[in-house]
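Residues per chain are reported as follows:
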There are 2 protein chains.
Amino acid sequence: MVLIILRINLFDIVDSSEYSFILLSKHLSQRNQLQSQIRRRAGGSLRSSRLPETPARCFSCRARRLQLHREKPLTGKVDRFGGVTVSHFAPDTCEEAFSALLKESVTQWKEQGRVAVWLHLPIALSRLAAVAATHGFTFHHARQDQAVLCLWIGEGESRLPGFATHQVGVAGAVLDETNGKVLVVQDKNKTKNAWKFPGGLSDLGENIGATAAREVYEETGVRAEFRSLLSIRQQHNHPGAFGMSDMYLICRLSPLTHSINFCRHECLRCEWMEVAELCRTAETTPITSRMARLLLYGLHHGFQHIDLTMEELPAVYSGMFYQLFHRQLPESLRCS
Amino acid sequence: MVLIILRINLFDIVDSSEYSFILLSKHLSQRNQLQSQIRRRAGGSLRSSRLPETPARCFSCRARRLQLHREKPLTGKVDRFGGVTVSHFAPDTCEEAFSALLKESVTQWKEQGRVAVWLHLPIALSRLAAVAATHGFTFHHARQDQAVLCLWIGEGESRLPGFATHQVGVAGAVLDETNGKVLVVQDKNKTKNAWKFPGGLSDLGENIGATAAREVYEETGVRAEFRSLLSIRQQHNHPGAFGMSDMYLICRLSPLTHSINFCRHECLRCEWMEVAELCRTAETTPITSRMARLLLYGLHHGFQHIDLTMEELPAVYSGMFYQLFHRQLPESLRCS
């Protein structure tokens, strides 16, 4: 197959209509759009037989760059920190055009005293991320079908806020106060058979207590309700956290049902075990052992000695709530 | 400028050396590489004068797809969860070739019983993310100059682990036990002048106590040391957390220095205030007020009533440590 290509400047056609060309584009809609633009600009002097019907790669980059320059400059929304966010990109933006526009825009934003530029790129336009990188942009984060890139253009060191740094895991110690037994499991596929509390990672937007109750149910079949937070563990560069940090919280729960129906995909064993026995056994993890001693102390002397109670309070942002955990205050000091 | 293009199949040249062509490539090194490959395959029958010196866009996609097929198939590393991770991509991989290879590879991995595919893409090859998206891949996360995409190819619902969901912020309540005064600040640029404890976001890998001490120093000029954790707040869909969740921790610190030299960029005011006064004032936030009452109770009845003490323990993963926070146990139960 032989293709004859004449590189044309879209805006020259108005002055010089005798050019012959083949317009190449992968996308029919894009090709049709460009064809009608060319016909309009050429004032009808182009013969349509010259426009091929077979889609091929678009070669009108320079033309589109100019088109973009004249018709679709990068527009950004300024935030209260002095940063500019660009969220809209023409779907047919080519790399060359984008590079020129970005360079020009960043220069303008710097002159206007902006301190940062954010690009919200849909995954279909991810090729523009590579172009942005040549101008100093890096990934800030990405989720599902969008990547967010950023560039600090203010004075001095970057003051850009980072993205989420922690995954949150929750374990639920379901303690039956009537008989001093706690619900424990042994993971499947572990070399050491260690008794531990059922638990797992929080889903995005899920409260600590809800994760505890959900994970306990999923792993053991026991329904339980959140009572208090017992402990928080922070660990960095955690295996399985993609290089990020891990925040692991252990909650005390009360059982609502007792019958065990454990998940054979995740667990090897599951049972109700005396807290005193869990304190003694070597077949457990250091944290579970520590928590067992906390629970034993609570059972004998009252849970007020070990619990962090939770209260749900309205946030300053309308319609939203947060959960606050701390040692319970005496009645006299409790008024908010 | 008129360019004559002949689309050739790189592997046809061996049989038919009379083709004329112009090889178009943006990158000189890539162009040179392709040129020598063509010369080698054509057995020296090509005249070098036909190879242009001006770099232009590469048009030998089909040729390179075949080259890739024969020389560089996608190779993945299998993890213990049955997922495959691909981290190496030829820098000149073109979209068409990658699409074909990815489709073929995913089919093979499915047949081999793999449950997931992970692509670690450098930002310079981000255009391949758009191709992967057409095969069902989405962004898992991205940082700095790399994006990670994933696709669940196992049975049933995706069991892929999510990425970090929380940012962690820490406030430091620096309490001088000798005079019952605590260090408070008022943020600049706020409509309401509320007294609060200095604080800010944790850097990646930074311990809670270290964030508290750093933020206190940066905002107020006061050096202080971590004593205990007082409270944890969880809030979802937090403004400024890019749609993710926020974990906010409040620590008790002891002052090492007293002289205030506050950051005028962030703070409007900064002072040592009586805890009792902070409990009374309406010019504060609900959480600060709550913490002031905890501190007052601690001052009068002992900090063991309010503190979550911290202990650093070795993790099962060699050479790593974690920090564990909970209510202090009585001496008799403390042995780990």
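The shown structure was predicted, so the numbers you read here are calculated from the model rather than taken from an experiment.

**Q** Go over the interface of chain A and chain B, please, and point to the residues and values.
**A** Interface size is commonly expressed as the accessible surface area that is lost when the partners come together. Taken together, the contact between chain A and chain B spans 92 residues of the former and 91 residues of the latter. Each partner contributes to the roughly 8,300 Å² buried at the junction of chain A and chain B, and carbon and sulfur atoms together form 65% of this total. Of all residues in chain A, Phe-139, Phe-242 and Arg-290 of chain A bury the most surface against chain B, accounting for 9% of the area lost on that side. For the pair chain A and chain B, the number of links is 2 salt bridges. On the surface where chain A and chain B come into contact, there are 30 residue pairs in polar contact (both at pLDDT 80 or more). Tallied by class, the residues present in the side of chain A that touches chain B amount to 53 nonpolar, 25 polar and 14 charged.

**Q** Before we move on, could you go through the pairing of strand 11 (residues 224-235) of chain A and cite the residues and values that matter?
**A** Buried residues dominate strand 11 of chain A, accounting for 9 of its 12 residues. Two strands pair when backbone bridges link them, and strand 11 of chain A and strand 12 (residues 245-255) of chain A are joined in this way by 10 bridges, in the antiparallel orientation. Across the sheet, the residue bridging to Leu-229 of chain A is Cys-251 of chain A, located in strand 12 of chain A. Bridge count between strand 11 of chain A and strand 15 (residues 321-326) of chain B: 5 bridges; the pairing is antiparallel. Following the sheet pairing, Ile-232 of chain A is matched in strand 15 of chain B by Phe-325 of chain B.

**Q** Mind laying out the packing of aromatic side chains, listing which residues take part and the relevant values?
**A** Remark: the centre distance and the inter-plane angle together describe each pair of aromatic rings, the angle taken between the planes. All chains considered together, the criterion is met by 8 aromatic pairs over all chains. Centre to centre, the rings of Phe-242 of chain A and Trp-118 of chain B are 5.6 Å apart; their planes meet at 45°, and the pair counts as tilted. Taken together, the residues Phe-242 of chain A in the loop between strand 11 and strand 12 and Trp-118 of chain B in strand 4 (residues 116-122) connect one chain to another. An aromatic cluster is defined as three or more aromatic residues linked by ring pairs; in this entry it consists of Trp-118 and Phe-163 of chain A together with Phe-242 of chain B. Over the face of the ring belonging to Tyr-217 of chain A we find Arg-223 of chain A, whose NZ or CZ atom lies 3.5 Å from the ring centre.

**Q** Describe the sheet that holds strand 5 (residues 138-143) of chain B, with residues and values.
**A** Residue and element names in this part refer to chain B. Spatially, the 5 strands line up as an open sheet ordered 2-3-4-6-5, and their pairing is mixed. Sheet topology places strand 2 (77-78) and strand 5 at the edges, where each strand pairs with a single neighbour. Set on the sheet, helix 3 (residues 95-111) makes contact with strand 3 (83-86), strand 4 and strand 6 (146-152); between it and strand 4 the angle comes to about 150°.

**Q** Outline the pairing of strand 8 (residues 181-187) of chain B, supporting the account with residue identities and numerical values.
**A** Residues and elements named next belong to chain B. The buried fraction of strand 8 is high, at 6 of 7 residues. For strand 7 (residues 166-176) and strand 8, the ladder comprises 2 bridges, and the chain directions are antiparallel. Its bridge partner lying in strand 8, Asp-176 is registered against Lys-181.

**Q** Go over the environment of Leu-253 of chain B with me, naming the residues and quoting the values.
**A** Residues and elements named next belong to chain B. Residue position: Leu-253 is located in strand 12 (residues 245-255). Residue classification places Leu-253 among the buried residues on the basis of a relative accessible area of 0%. For the pair Leu-253 and Gly-172, spaced 81 residues apart in sequence, the C-alpha separation works out to 6.2 Å. With residues up to four places along the chain from it excluded, the contact list for Leu-253 reads Gly-172, Ala-173, Val-174, Leu-175, Ala-212, Ala-213, Ala-224, Glu-225, Phe-226 and Arg-227.

**Q** How would you explain the relation of the copies chain A and chain B if you had to name every residue and give the values?
**A** Mapping chain A onto chain B leaves a residual RMSD of 0.1 Å; the transformation is a rotation of 180° accompanied by 0.0 Å of translation along its axis. The operation mapping one copy onto its partner corresponds to a two-fold rotation axis. Distance from the rotation axis, computed per C-alpha, reaches its smallest value in chain A at Arg-127 of chain A: 1.8 Å. Here 99% of the contact residues of chain A are again contact residues in chain B; the copies associate through an equivalent surface.

Thresholds, definitions, all that
- Residues numbered from 1 in each chain as written.
- Chains lettered and ligands numbered in written order.
- Predicted model: local features only at pLDDT ≥ 70, side-chain atom pairs only at ≥ 80, totals over all residues.
- Heavy atoms only, no water.
- Contact = heavy atoms within 4.5 Å.
- Buried area = accessible area lost by both parts, 1.4 Å probe.
- Salt bridge = Lys/Arg side-chain N within 4 Å of Asp/Glu carboxyl O.
- Polar contact = N/O pair within 3.5 Å; in protein donor to acceptor, adjacent residues only side chain to side chain.
- Nonpolar A, V, L, I, M, F, W, Y, C, P; charged D, E, K, R; others polar.
- Buried < 20%, exposed > 50% of the residue type's maximum accessible area, 1.4 Å probe, protein only.
- Helix = DSSP H or I, 4+ residues; strand = E, 2+ residues; numbered from the N terminus.
- Pairing = 2+ DSSP bridges.
- Phe/Tyr/Trp six-rings, centres within 6.5 Å; stacked < 30°, edge-to-face > 60°.
- Lys NZ or Arg CZ within 6 Å of the ring centre and 35° of its normal.
- Axes fitted to C-alpha atoms, helices over the stretch in contact; angles between N-to-C directions.
- Least-squares fit on C-alpha atoms with pLDDT ≥ 70 in both.

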